[in-house]
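So the chains spell out like this:
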Amino acid sequence: VQLQASGGGLVQAGGSLRLSCADSGRTFSRYATGWFRQAPGKEREFVAAMPWSGSSTYYADGVKGRFTISRDNAKNMVYLQMNSLKPEDTAVYYCAASSTWGGAALMRRPNYDYWGQGTQVTVSS
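Because the structure is predicted, anything quoted here is derived from the model rather than measured.

J.: Outline the overall build of the protein chain, supporting the account with residue identities and numerical values.
T.: Looking only at helices and strands, the protein chain has zero helices and eleven strands in total. The helix and strand sequence of the protein chain, counted from the amino end, reads β-β-β-β-β-β-β-β-β-β-β. Its C-alpha radius of gyration of 13 Å places the protein chain within 12% of the 14 Å reference for a compact globule of 125 residues. Overall size of the protein chain, expressed as C-alpha extent along the three principal axes, is 40 × 25 × 25 Å. Burial status across the protein chain gives 46% buried among its 125 residues. For the protein chain, restricting intrachain contacts to residue pairs at least 6 apart in sequence, the fraction spanning at least 24 positions comes to 58%. Positive and negative side-chain charges of the protein chain, numbering 13 and 8 respectively, have mean locations separated by a distance of 3 Å.

As structure tokens, then:
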């Protein structure tokens, strides 16, 4: 698994961005996928996750109803649609892959085996 995140940028509060994560190793379909973010001076935190089957989704409380995770296994891609962005969403966003089957374990950073390099999202007020 070799992950590459993209799609970050500068957006005004209330705007939208769509992050993409590609797996050049072409084995994405075998893993659960997640998005995490890290703001300056803070720990990396969970944002959203989805098992390999796509049968369920998990979100951090602060992004529920605004962010949507999706995946296209045929294209080895995972996405994070971010709407109604707030200044507190500003962070470096990371995609990750986990061999964990699913469930609440996908909300925990130590359960991820592979990480992308991150993409910066900045939301101005």
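J.: Tell me about the sheet that holds strand β1 (residues 3–6), residues and numbers included.
T.: Strands sit in the order β1-β3-β8-β7 across an open sheet of four strands; the sheet is antiparallel. In the strand order of this sheet, the two ends are held by β1 and β7 (67–72), each with one partner. On average, adjacent strands in this sheet sit at an angle of 15° to one another, irrespective of strand direction. Where β7 and strand β8 (residues 77–82) come together, six bridges link them in antiparallel fashion. Opposite T68, over in β8, you have Q81 as the bridge partner.

J.: Could you give me a rundown of the pattern of salt bridges, with the residues and numbers involved?
T.: One pass over the structure, following the stated rule, counts four salt bridges. R37 is the salt-bridge partner of D89, the closest N and O atoms lying 2.9 Å from each other. Placement of the pair is D89 in the loop between β8 and β9 (91–98) and R37 in strand β4 (residues 32–38), with a sequence separation of 52 residues. Both residues of the pair, D89 and R37, count as buried. Here K64 makes a salt bridge to D61, at a shortest N to O gap of 3.2 Å. Accessibility assignment for this pair places K64 and D61 in one class, exposed. Connected through shared salt-bridge partners, R37, E45, R66 and D89 make up one network.

J.: If you had to explain the nonpolar core to someone new, which residues and values would you point to?
T.: In this structure, W35, V47, F67, I69, L80, M82 and Y93 are the most contacted members of the largest nonpolar core, which totals 36 residues. M82 has contacts with G15, S16, L17, L19, R66, F67, Y93 and V121, leaving out every residue within four places of it along the chain.

About the cut-offs
- Residues numbered from 1 in each chain as written.
- Predicted model: local features only at pLDDT ≥ 70, side-chain atom pairs only at ≥ 80, totals over all residues.
- Heavy atoms only, no water.
- Helix = DSSP H or I, 4+ residues; strand = E, 2+ residues; numbered from the N terminus.
- Rg over C-alpha atoms; globule rule 2.2 N^0.38 Å.
- Buried < 20%, exposed > 50% of the residue type's maximum accessible area, 1.4 Å probe, protein only.
- Contact = heavy atoms within 4.5 Å.
- Lys, Arg positive; Asp, Glu negative; His and termini not counted.
- Charge placed at Lys NZ, Arg CZ, Asp CG, Glu CD.
- Pairing = 2+ DSSP bridges.
- Axes fitted to C-alpha atoms, helices over the stretch in contact; angles between N-to-C directions.
- Salt bridge = Lys/Arg side-chain N within 4 Å of Asp/Glu carboxyl O.
- Core = buried A, V, L, I, M, F, W, Y, C linked by side-chain atoms within 4.5 Å.

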